[in-house]
Amino acid sequence: YWAERDLLNFAKNIKCAVLMAHGFNDWNVVPEHSFRISEALKGKVPLIQYYHQDGHGGDPPFELVNRWFSRFLYDVKNNVENGPK
């Protein structure tokens, strides 16, 4: 059941920039799950991880989301990819 839902199986097909958010107090998805995907994507696509102390869900700050999508959807040169990882 869970093996079919493991997104790591699809990581090799990802070709777009990735902004991944993960809550350390998520009782459904443990940090290892997002870490494994991040490791599979490193060096292949632009990648940033936003870890937080909330549970499942929990959005990154609006400013970060705005800068990330402005950069990779609209090609705005805002240097977001060189910020904290």
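Whatever comes next refers back to the structure up there.
Residues numbered from 1 in each chain as written. Predicted model: local features only at pLDDT ≥ 70, side-chain atom pairs only at ≥ 80, totals over all residues. Heavy atoms only, no water.

A word on the pattern of salt bridges
Thinking step 1. All told, the structure shown has 6 salt bridges when counted by the stated rule.
Thinking step 2. We note a salt bridge from R36 to D6, for which the minimum N-O separation is 2.9 Å. With a gap of 30 residues between them, R36 in helix α1 (residues 31-41) and D6 in the segment before β1 (18-23) connect regions that are remote in the sequence.
Thinking step 3. In this structure, the salt-bridge partner of R71 is D75, at a minimum N-O distance of 3.0 Å.
Thinking step 4. Look at the salt bridges and you will find they share partners, linking R71, D75, K77 and E81 into a network. (Salt bridge = Lys/Arg side-chain N within 4 Å of Asp/Glu carboxyl O. Helix = DSSP H or I, 4+ residues; strand = E, 2+ residues; numbered from the N terminus.)

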